Amino acid sequence: MSIVVAYSADRYGEAALTHAAEQARKERTRLVVVNATLGNKLVDDRFAHDADITALQERLAAEGLEVVVRHDLVDDVADAVVAAADEERATLIVVGIRHRSPVGKLLLGSVAQRIILEAHCPVLAVKPAA
Amino acid sequence: MDLLLEGFQTALTPENLFFAAIGVLLGTAVGVLPGIGPAMTLALLLPVTYTVGADSAIIMFAGIYYGGMYGGSTTSILLNTPGESSSVITAIEGNKMAKAGRAAQALATAAIGSFVAGTIATVALWIVAPTVADLVVTLGSPSYFALMLLALFAVTAVLGSSKLRGFIALFLGLTLGLVGTNTGQARLTFGDPLLADGIDIVVVAVAVFAIGEALWVAAHLRRKPLEIIPVGQPWMSKEDWRRSWKPWLRGTAFGFPFGALPAGGAEIPTFLSYATEKKLTKHPEEFGKGAIEGVAGPEAANNASAAGTLVPLLALGLPTTATAAIMLVALQGYGFNTGPTLMDEHPDLVWALLASLLVANCLLLLINLPLAPIWAKLLRIPRPYLYAGILFFASLGAYSVNFQAFDLALLLGIGLLGFAMRRFGVPVLPLLIGVILGPKLEEQLTTALKISQGDVSTLWSEPVAVVVYAVMGLLLLAMTVRGVRRPAAAETNPTDNEKELVER
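Residues numbered from 1 in each chain as written. Chains lettered and ligands numbered in written order. Predicted model: local features only at pLDDT ≥ 70, side-chain atom pairs only at ≥ 80, totals over all residues. Heavy atoms only, no water.

- Per an unreviewed UniProt entry, chain A carries the name Universal stress protein and comes from Nocardioides aromaticivorans.
- Under Sequence similarities (unreviewed entry), UniProt gives the following word-for-word description of chain A: "Belongs to the universal stress protein A family." (UniProt positions renumbered as here; feature names shortened; annotations may be inferred.)

### Focus on a nonpolar patch on the surface
Phase 1: Taken together, A:V103, A:L106, A:L107, A:L108 and B:Y385 make up a surface patch of nonpolar side chains, about 630 Å² in accessible area.
Phase 2: Sort the elements by how many residues they give to the nonpolar patch and helix α4 (residues 102-107) of chain A lands first, with three residues.
Phase 3: Take B:Y385: it is sitting in helix α16 (residues 383-402).
Phase 4: Residue class for B:Y385 comes out exposed when judged on its relative accessible area of 59%. (Patch = residues over 30% accessible without salt bridge, like charges linked within 9 Å, V, L, I, M, F, W, Y side chains within 5 Å. Areas by Shrake-Rupley, 256 points an atom, 1.4 Å probe, with all protein chains shown as cover. Salt bridge = Lys/Arg side-chain N within 4 Å of Asp/Glu carboxyl O. Helix = DSSP H or I, 4+ residues; strand = E, 2+ residues; numbered from the N terminus. Buried < 20%, exposed > 50% of the residue type's maximum accessible area, 1.4 Å probe, protein only.)

### Here's the deal with empty space enclosed by the protein
Phase 1: Evaluation of the coordinates by the stated rule reveals four cavities of 30 Å³ or more.
Phase 2: Here the largest cavity defines a volume of roughly 80 Å³.
Phase 3: As for the largest cavity, its lining consists of B:Y70, B:S73, B:T74, B:L107, B:A110, B:A111, B:P234, B:N368, B:L369 and B:A372.
Phase 4: Residue assignment for the lining of the largest cavity shows that the elements contributing at least two residues are α4 (54-79), α5 (88-137) and α15 (347-377) of chain B.
Phase 5: When its residues are assigned to classes, the lining of the largest cavity shows seven nonpolar, three polar and no charged.
Phase 6: Quantified by volume, the second largest cavity comes out at close to 40 Å³.
Phase 7: Looking at the second largest cavity, the residues that line it are A:D44, A:F47, A:A48, A:H49, B:K224, B:P225, B:L226 and B:E227.
Phase 8: Taken together, the residues of the lining of the second largest cavity sort by class into four nonpolar, one polar and three charged. (1 Å grid on protein atoms, 1.4 Å probe; cavity = no way out; pocket = protein on both sides within 12 Å on 5 of 7 lines; lining within 4 Å. Points joined across faces, edges and corners; volume = space filled by probe spheres on them. Nonpolar A, V, L, I, M, F, W, Y, C, P; charged D, E, K, R; others polar.)

### Some remarks on the side chain of B:T270
Phase 1: Structurally, the position occupied by B:T270 is in helix α10 (residues 267-280).
Phase 2: Dropping the residues within four chain positions of it, B:T270 is found in contact with B:S86, B:I89, B:P298, B:A301 and B:N302. (Contact = heavy atoms within 4.5 Å.)

### Digging into the pairing of strand β2 (residues 30-37) of chain A
All names here are of chain A.
Phase 1: With respect to burial, β2 is a largely interior element, seven of its eight residues being buried.
Phase 2: In terms of strand pairing, strand β1 (residues 2-6) meets β2 through five bridges, oriented parallel. If you follow V5 over to β2, its bridge partner there is V33.
Phase 3: Once the chain exits β1 it traverses helix α1 (residues 11-27) before rejoining the sheet at β2, and the crossover so formed is right-handed.
Phase 4: Note that the unit made of β2, helix α2 (residues 50-62) and strand β3 (residues 67-73) has a crossover that is right-handed. (Pairing = 2+ DSSP bridges. Right-handed = clockwise from strand over helix to strand, strands pointing away.)

### Remarks on the packing of aromatic side chains
Residues and elements named next belong to chain B.
Phase 1: For the structure shown, the criterion picks out 10 aromatic pairs over all chains.
Phase 2: Seen in terms of ring centroids, Y274 and F287 are 5.8 Å apart; in terms of plane orientation they differ by 55°. Their pairing is tilted. Remark: F287 occurs in the loop between α10 and α11 (293-308) and Y274 occurs in helix α10; sequence separation between them is 13 residues. This pair shows no difference in class: Y274 is buried, exactly as F287 is.
Phase 3: Above the face of the F424 ring, R423 is positioned so that its terminal group lies 5.0 Å from the ring centre. (Phe/Tyr/Trp six-rings, centres within 6.5 Å; stacked < 30°, edge-to-face > 60°. Lys NZ or Arg CZ within 6 Å of the ring centre and 35° of its normal.)

### Examining the layout of surface pockets
All names here are of chain A.
Phase 1: Here the second largest pocket defines a volume of roughly 1300 Å³.
Phase 2: Taken together, 42 residues form the lining of the second largest pocket, with R46, V77, G109, S110 and V111 sitting closest to its centre.
Phase 3: Every element with two or more residues in the lining of the second largest pocket is listed here: α1, β2, α3 (77-87), β4 (90-96), α4 and α5 (111-118).
Phase 4: Sorting elements by how many residues they give to the lining of the second largest pocket places α5 first, with six residues.
Phase 5: Class assignment of the residues belonging to the lining of the second largest pocket gives a composition of 20 nonpolar, 11 polar and 11 charged.

### Here we look at the environment of B:Y65
Residue and element names in this part refer to chain B.
Phase 1: Within the secondary structure layout, Y65 lies in helix α4.
Phase 2: Separated by 28 residues in the primary sequence, Y65 and E93 have C-alpha atoms spaced 24 Å apart.
Phase 3: Once residues within four sequence positions are removed from consideration, Y65 is found in contact with P38, A306, T309, L310, T321, T323 and M327.

Take a look at the structure:
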């Protein structure tokens, strides 16, 4: 049993992580942090730096949580999160969501939306405090 | 002097100012992106020369050339990935400075240093280029033949880490240059009338730079993203100014002469400048941890050498960098007789170019100081979008040369060659210079032999030719001695990742 959080290195990811950590503490389960990238850009701001991942791991471990981090290059971020949830037999996936403009919706897909539609367990969508 | 003022008159017309601005913006953008250098950009833009006036096109190209030098330093400093080979040294200290929270100062000293060096070197170019051209005009074919040999030899052997790979690339280039019936005989045409006109240099340049690079990137599409250091507005304190101005001047002094030699390139002067600053600094403890002198010197050197490479290009028709090589192709495309006579036959064009260098330099400073954070955003473009665009323009460019589909097949074939060269670490520059200079070399040789009625000794009948051969002999000797005394294993090899980005 575990809780999977789709983490991106921005405020949406932080919000998701905070909620996921709270849930994991309440339910006394493992927390699986997934931070993935397609690796097709030279610089990807949502992909956390190695040092930040280590810090995050230490911080959560210090709070007494059992944490697993998946920090990978993948072919598809949404698929990676869903697959991680299946492998870890997750009871819950936590994702951060954001406002998207009409043009943004037209041009770009949404990782959060695909996770919500494709996951095999409940998905908790979290917004950062305004 | 009148010529220079007339040059400014041409360079400062609204139309040409507009092209200069496009040039510097584009140049900086491609300089920032590793793998896409000014040479590839110029190759992709060559078809533009069919519709734009010669002065405008050349002014834009000069802007791209200078802009590429600026942009390269941004990537070096923020990402520790040199955007192009002349910024390798900048990355050493620049990235350390950025990691220590001094990215703004590193970018500022690079930009202002480039401006200072570019300006001084441009003024030096105004003085040196006409003088050299006047001298060279008096030379005969044998001397010219010798100078071209020297340029080919030096670009191949002096630059780059592996001589063998350099010469492989050179001979590949010379072979491609042989194709056609220019000499009256059909050579390497395989009886195909489509090959009778030879392979257009535009196709070769676009293929090795754009297609080769795109294939290479496609083969390595998914890579771990690099960790960028966030940056605000570049600025410098008084202390930084005090520590920077001497390295700027020394860097310029190294860069310009090295660039002006027919064996140019920015690698050697940037390295020399770095070594000198390390020796002379009052803060030796900072070197290796982010010393501002280590950014200021090499950055000045690479811009000064960029200006320097225009001396052999304009005065001799000898390109020594990939970008200069493509500028030469553009000049030839306009039907200009590149070589010592260019400055006499088309003074208006040459002086417009020389004046526009100063304009481009000022524009770059104005554009780059405030825009650095925006340039860094370019690094977030997904590679598939970027290279789809490049492939589109590459195909369009190659097709528009002769409007025949056969050129697209050639483009793909030579592009595959370019990919293989990247895979096996063979440098691209000697190939390009070989394709361009090969036919001219042959022309000079035939001219010389025709005049002497087949007597080979004419080749060393002129003093300049003898001196040039002696220099080549000395270079060869020095290389052999060094090779014997210090086995190849002792040479420090750059890491694989660095090599990939640098040797193209």
